[in-house]
Amino acid sequence: MSKTIYIINGPNLNLLGKRQPEIYGHETLADVERQCAGVAQGFGLAVRLLQSNREGELIDWIHEAREKAAGIIINPGAFTHTSIAILDALNAFEGPVLEVHVSNVHKRESFRHHSYVSMRADGVLAGFGVEGYALAMRRMGSLLG
Ligand code: CA2
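Summary of the structure given here.

**Here's the deal with the environment of His-114**
Then comes step 1: With respect to the helices and strands, His-114 occurs in the loop between strand S4 (97-101) and strand S5 (123-126).
Then comes step 2: Sequence separation between His-114 and Gly-132 is 18 residues, and the spatial gap between their C-alpha atoms is 19 Å.
Then comes step 3: With residues up to four places along the chain from it excluded, the contact list for His-114 reads Thr-80 and His-81.

Following this line, the structure appears as structure tokens:
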């Protein structure tokens with residue numbers, strides 16, 4: 001059976017491709033899922049794309065990933081900059097964790113420059129648009145292949 005990669009998305013990312021295209025582009029989470037599934041297939045991996053506006057639900061999925069996923073690609077949205085709880089959950093996950101941001105957070109407001117999740121992430125991509133997810137999936141393939 002294929003190893004599964006969880007692609008976990010935080011608050012407001014359900015709006016990708018629907019609002020603020022000047023920052024976040026025109027592609028939706030459905031496009032992200034399709035692009036990542038294509039890359040994953042080449043490495044014999046499967047994907048499960050998840051999105052929630054609730055911190056606790058994101059944490060529950062990270063816990064679930066301990067049993068069901070070989071790796072996590074996560075864009076925690078604004079929780080990136082605030083959530084020690086998400087960091088704690090990721091610290092209990094043993095596989096690779098890659099952090100993705102659609103925008104270049106370092107080019108934006110200073111409150112976006114710090115990430116709790118980066119203290120656990122094995123790699124961070126920011127500012128590659130939604131293409132960052134597929135790039136992270138390619139890296140996941142190298143790490144797990
Ligand atoms: O650049 C990223 O991917 C962010 O994680 C996105 C978060 C932001 O708080 C982080 O600092 C950086 C915001 C997600 C909001 O997503 C939207 C997408 C389209 C339209 C409106 C919001």
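More follows now that the structure is in view.
**Notes on unusual backbone geometry**
Then comes step 1: Here the phi dihedral of Asn-12 falls at roughly 75 degrees; this positive angle occurs in a residue that is not glycine.
Then comes step 2: Structurally, Asn-12 can be placed in the loop between strand S1 (3-9) and helix H1 (21-24).

**Looking at the sheet that holds strand S2 (residues 45-51)**
Then comes step 1: Strand order in the open sheet made by the 5 strands is S2-S1-S3-S4-S5, with parallel pairing throughout. The sheet is open, and its two borders are formed by S2 and S5, each paired with just one other strand. This sheet shows a mean twist of 20 degrees between the axes of neighbouring strands, independent of strand direction.
Then comes step 2: The pairing of S1 with strand S3 (residues 71-75) spans 5 bridges and is classified as parallel. Bridging across to S3, Tyr-6 finds its partner in Ile-72.

Conventions adopted
Residues numbered from 1 in each chain as written. Predicted model: local features only at pLDDT ≥ 70, side-chain atom pairs only at ≥ 80, totals over all residues. Heavy atoms only, no water. Helix = DSSP H or I, 4+ residues; strand = E, 2+ residues; numbered from the N terminus. Contact = heavy atoms within 4.5 Å. Pairing = 2+ DSSP bridges. Axes fitted to C-alpha atoms, helices over the stretch in contact; angles between N-to-C directions.

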